[in-house]
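Here is what each chain is made of, one letter per residue.
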Amino acid sequence: MILKTKTEQEQTIVTLGLGGNLPSQFGAPVFGLVKSLALISRLGRLKSVSRLYTSKAYPVSDQPDFLNCVLQLQVDMDAENLLQKLHDIEHSLARERSV
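All chains use their own residue numbering, which begins from 1 and follows the written sequence. Only residues with pLDDT of 70 or above have their local features reported here, since the model is predicted, and side-chain atom pairs are shown and tallied only from 80 upward, although totals for entire chains, interfaces and linings are computed over all residues. Values reported for side chains reflect all heavy atoms of the structure, with hydrogen atoms and water molecules removed beforehand.

### Quick word on the overall build of the chain
And then number 1: Only DSSP runs of H or I with at least four residues qualify as helices, and only runs of E with at least two residues qualify as strands; both kinds are numbered from the N terminus onward. On a plain count of helices and strands, the chain comes out with two helices and five strands.
And then number 2: Starting at the N terminus, the α and β elements of the chain follow one another as β-β-α-β-β-β-α.
And then number 3: Using a 1.4 Å probe on the protein chains alone, a residue whose accessible area is under 20% of its type maximum counts as buried, one over 50% counts as exposed, and one in between counts as partly exposed. Scored against the burial criterion, the 99 residues of the chain give a buried share of 28%.
And then number 4: Per element, the accessible surface of the chain, about 7000 Å² overall, is 53% carbon and sulfur. We get accessible surface area from the Shrake-Rupley algorithm with a probe of 1.4 Å; when it comes to residues, only the shown protein chains can shield them.

Shown next, in the form of structure tokens:
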């Protein structure tokens, strides 16, 4: 999810929220997040990454807790191109978009 953008010297700093609660081809959700971070960092200059934190599924359900983080990335592309590249990363990780 792209939360906000701002221009900084002809480049854009984007804030992205990542999260997952189900195992993937990489194992537990933490490994999927690590792989996602590695791929996303190739799109620009990774400026910062939050600590990992957990949150309950909402609305309340029997799903496992989510593992989340937030990052800031400096890129030199427009939002539409960035979104397409992020979708390409999701697809490469075999994520099925349901929302």
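Here the narrative resumes, following the displayed structure.
### What about the pattern of salt bridges?
And then number 1: Any Lys or Arg side-chain nitrogen located within 4 Å of an Asp or Glu carboxyl oxygen qualifies as a salt bridge. Taken as a whole and assessed by the stated rule, the structure comprises two salt bridges.
And then number 2: Of the charged contacts in the structure, one is a salt bridge between Lys56 and Asp65, with a shortest N-O distance of 3.5 Å.

### Points about helix α2 (residues 79-92)
And then number 1: Under the convention used throughout, the expected extent of a helix is 1.5 Å for every residue step, that is, one less than its residue count. For α2, with 14 residues, the first-to-last C-alpha span of 20 Å sits near the 20 Å given by 1.5 Å per residue.
And then number 2: Backbone geometry just downstream of α2 places Ala94 in the positive-phi region, at approximately 65 degrees.

### So, the environment of Arg97
And then number 1: Topologically, Arg97 is positioned in the segment after α2.
And then number 2: Along the sequence, Arg97 and His87 sit 10 residues apart, while their C-alpha atoms lie 9.0 Å from each other.
And then number 3: Excluding its chain neighbours within four sequence positions, the residues that come into contact with Arg97 are His87 and Glu90. By the convention used here, residues are in contact when the closest approach between their heavy atoms is within 4.5 Å.

### Side note on the nonpolar core
And then number 1: By nonpolar core is meant a set of buried Ala, Val, Leu, Ile, Met, Phe, Trp, Tyr and Cys residues that side-chain atoms within 4.5 Å join together. Counting 18 residues, the largest nonpolar core has Leu18, Ile40, Leu43, Leu71, Leu73 and Leu82 as the members making the most contacts within it.
And then number 2: With five residues, the single largest contributor to this core is strand β5 (residues 66-75).
And then number 3: Not counting residues up to four positions away in its chain, the partners in contact with Leu43 are Leu73, Val75, Met77, Leu82, Lys85, Leu86 and Ile89.

### What to know about the pairing of β5
And then number 1: Of all 10 residues making up β5, seven are buried, and the element is well covered by its neighbours.
And then number 2: In this description, strands pair whenever DSSP reports at least two bridges between them. Here strand β2 (residues 11-20) runs beside β5; their pairing, made up of nine bridges, is antiparallel. Pairing of Val14 across the sheet is with Leu73, part of β5.
And then number 3: Note that strand β3 (residues 45-49) and β5 share four bridges and pair antiparallel. By the bridge assignment for β5, Val49 is matched with Leu71.
And then number 4: The sheet contact formed by strand β4 (residues 53-55) and β5 spans three bridges and is antiparallel. Looking at the pairing, Ser55 lines up with Phe66 of β5.

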